[in-house]
Amino acid sequence: MLPELEEELLTLEEKLEKAVNHLSGEYVTVRAGRANPRILDNITVDYYGSLTPLRQMANITVPEPRMLVINLFDRSAAKETVKAIAASDIGINPTDDGKVIRLVFPQLTEERRKELVKQVKKMAEDCKVVLRNERRDSLDRAKKLKKDLNFSEDELAGFEKDVQKAIDKYIASADDMSKEKEKEILEI
């Protein structure tokens, strides 16, 4: 294979890896009935006029399977922290006892589980769309290279097969992660 095509394949692999890693990160923030500190990753608090990630402002622990305890480094930010958590889309109301903030995760209802499964499937489908778009862009760049460097159709066909193998591998990975997350959500 030509060095230009090998470089294109490596670039494609990097982009596909990033897309699947992004999906994995998204799945971590989906609530599955158990307390997981990563669910708070996207929450930012208005701390002295600047939006600060909650994880930088506190220790977050899991004392029980269905509870998170947030121990703020600066107790003066408790009010804003509670407000930020309540305004987020995690669906849990925080309780502040003056020392720590507690998040108690209620048992998921059947209806909520089905909603979460739909959300997980949509995330997986969005990831697959990104993967397919990367494939199309990569093949377009390879066809442009063919015109510029004037290499054979066989080399282009070989490259297309390699690209398809990579896409299949990452789509299978996204599907596996989706099935695993669905299983976790539906587990009672």
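Described below are features of the structure shown in this document. Bear in mind the structure is a predicted one, so any value in this text is a computation, not a measurement.

The rules we used
Residues numbered from 1 in each chain as written. Predicted model: local features only at pLDDT ≥ 70, side-chain atom pairs only at ≥ 80, totals over all residues. Heavy atoms only, no water. Pairing = 2+ DSSP bridges. Helix = DSSP H or I, 4+ residues; strand = E, 2+ residues; numbered from the N terminus. Contact = heavy atoms within 4.5 Å. Axes fitted to C-alpha atoms, helices over the stretch in contact; angles between N-to-C directions. Phe/Tyr/Trp six-rings, centres within 6.5 Å; stacked < 30°, edge-to-face > 60°. Buried < 20%, exposed > 50% of the residue type's maximum accessible area, 1.4 Å probe, protein only. Core = buried A, V, L, I, M, F, W, Y, C linked by side-chain atoms within 4.5 Å.

## Brief notes about the sheet that holds strand 3 (residues 58–64)
- As summarised here, the arrangement of the four strands in space is 3-4-6-5, forming an open sheet in which the pairing is antiparallel. Only two strands of the sheet have a single neighbouring strand rather than two, namely strand 3 and strand 5 (95–96).
- Here four bridges tie strand 4 (residues 67–72) to strand 6 (residues 101–104), and the two strands are oriented antiparallel to one another. Opposite Val 69, over in strand 6, you have Arg 102 as the bridge partner.
- Strands in contact with helix 2 (residues 78–87) are strand 4, strand 5 and strand 6; relative to strand 6, the strand with the most contacts, it is inclined by about 20 degrees.

## Comments concerning the packing of aromatic side chains
- Overall, the coordinates contain one aromatic pair when judged by the stated rule.
- With a centroid separation of 4.8 Å and 65 degrees between ring planes, the pair formed by Tyr 47 and Tyr 48 is classed as edge-to-face.
- Using a relative accessible area of 67% as the deciding quantity, one classes Tyr 48 as exposed.

## Structural notes on the nonpolar core
- Formed by 30 residues in total, the largest nonpolar core has its most connected members in Leu 16, Cys 127, Leu 131, Phe 159 and Val 163.
- The set of elements that each furnish at least two residues to this core consists of helix 1 (3–28), helix 3 (110–149) and helix 4 (153–186).
- A total of ten residues in this core trace back to one element, the largest contributor, which is helix 3.
- With sequence-adjacent residues up to four places away left out, Leu 16 is seen in contact with Leu 131, Glu 134, Ala 166, Ile 167 and Tyr 170.
- One finds Val 45, Met 57, Ile 85 and Ile 90 within the second-largest nonpolar core, a separate group that totals 21 residues.

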